Amino acid sequence: MKTKDRILSTALTLFNEQGLAKVVLRTIAKEMNMSQGNLNYHFKKREEIVEALYFQLVKAIDEGLKNHKPGRMGLSALYDLNGIIMSSFYEYRFFMLDFVQIMRENKAIRTHYLQLSEIRKKQFHGLFVELVDKGLMREEELPNEYRFLYERFQILGDFWISSAEVGNGNVTQKMIARYSDVLTQAIYPYLTPKGKKEYHKLSHHR
């Protein structure tokens, strides 16, 4: 593994374990038995490490999402998309635990995140259209109903790790399944009888 990759891997572990506030460049260098000067050769500021890890996270999610084939996966796509995103968020969980701080302090990440949110919104809207076309979701009955449904998914997706941390004292990988159910059940009231039948079938096999 290249030195730069080792720095990122070490930083991710430390950020996840201790939180952003307690980890500075000196902390990372000490953990690696490396001089801070050597670390500074690769990353001059902690912000650069945070940015690099953010784009690693984005890449991991994109790699998973590209396997989704519109028009071919039906309701199972919702499970798959949520599973990919939530598992990736867990792997880089310090982002979600220090989400507001990072967005306030890092303009590059905030700008990219807001742009990415628009892309995700379109992806989920496409999924909802697909589910309506398949007779699995009903038509909208309220103005912006499915736009707001996506926003609920986004809020729950971005902050479930914070909720788990506060409520349990720490976050474990086993919690992903529980919180995945919290998210996916949000769509249940919008399903047709056909959709609910498929939902139960999928939930019993996971």
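Scroll up to find the structure this text is about.
Report on the accompanying structure. Going along each chain's sequence as written, the residues are numbered from 1 onward. Note on the predicted model: pLDDT of at least 70 is required for a residue's local features to be given, and 80 or more for side-chain atom pairs to be given and counted; whole-chain, interface and lining totals, by contrast, use all residues. As a rule here, side-chain values come from all non-hydrogen atoms in the structure, and water together with hydrogens is ignored.

**Here's the deal with the packing of aromatic side chains**
The relative placement of two aromatic rings is captured by the distance of their centres and the angle of their planes. The test is simple: We call Phe, Tyr and Trp rings a pair once their centres come within 6.5 Å, taking the six-membered ring for Trp, and we label the pair stacked below 30 degrees between planes, edge-to-face above 60, and tilted otherwise. The way it works is that DSSP assigns letters per residue, a run of H or I at least four long becomes a helix, a run of E at least two long becomes a strand, and they are numbered from the N terminus. Exposed residues in this analysis have more than 50% of their type's maximum accessible area, buried residues have under 20%, and partly exposed residues fall in between, with area computed by a 1.4 Å probe over protein chains only.
Per the counting criterion, the structure on display carries 15 aromatic pairs. Seen in terms of ring centroids, Tyr54 and Phe95 are 5.9 Å apart; in terms of plane orientation they differ by 65°. Their pairing is edge-to-face. In this pair, Tyr54 sits in helix 4 (residues 46–65) while Phe95 sits in helix 6 (residues 93–97), placing the two residues 41 residues apart along the sequence. Owing to a relative accessible area of 5%, Tyr54 belongs among the buried residues under this scheme.

**Some words on helix 5 (residues 76–91)**
Along an α-helix, a turn takes 3.6 residues, which lines up residues three or four apart on a common side. The criterion, for reference: One less than the residue count of a helix, multiplied by 1.5 Å, gives the span that helix is expected to have. Here, residues are in contact when the closest pair of their heavy atoms is within 4.5 Å.
The first and last C-alpha atoms of helix 5 sit 23 Å apart over 16 residues, in line with the 22 Å expected at 1.5 Å per residue. Within the span of helix 5, buried status applies to Ser76, Ala77, Leu78, Tyr79, Leu81, Asn82, Ile85, Met86, Ser88, Phe89 and Tyr90. For helix 5, the secondary structure elements touched by its buried residues are helix 4, helix 6, helix 8 (107–133), helix 9 (145–168), helix 10 (175–184) and helix 11 (193–204).

**Digging into the packing of helix 5 against helix 10**
Applicable threshold: Angles here are taken between N-to-C directions and fall from 0 to 180 degrees, while the axes themselves are lines fitted to C-alpha atoms, restricted in helices to the stretch in contact. Should an angle lie under 35 degrees it is considered roughly parallel, over 145 roughly antiparallel, and from 65 to 115 roughly perpendicular; all remaining angles are considered oblique. Crossings are assigned a handedness: left-handed for a near helix turned anticlockwise from the far helix by less than a right angle, right-handed for a clockwise turn. Classification convention: Asp, Glu, Lys, Arg as charged; Ala, Val, Leu, Ile, Met, Phe, Trp, Tyr, Cys, Pro as nonpolar; all other residues, Gly among them, as polar.
For the pair helix 5 and helix 10, interaxial distance at closest approach is 10 Å and the crossing angle is 135°. When the interaxial angle is binned, helix 5 and helix 10 end up oblique. The two elements helix 5 and helix 10 cross, and the hand of that crossing is right-handed. Touching Leu78, Tyr79, Asn82, Met86, Ser87 and Tyr90 of helix 5 are Ile176, Tyr179, Ser180, Leu183 and Thr184, all from helix 10. A breakdown of the residues in the contact of helix 5 with helix 10 according to their chemical character gives seven nonpolar, four polar and no charged.

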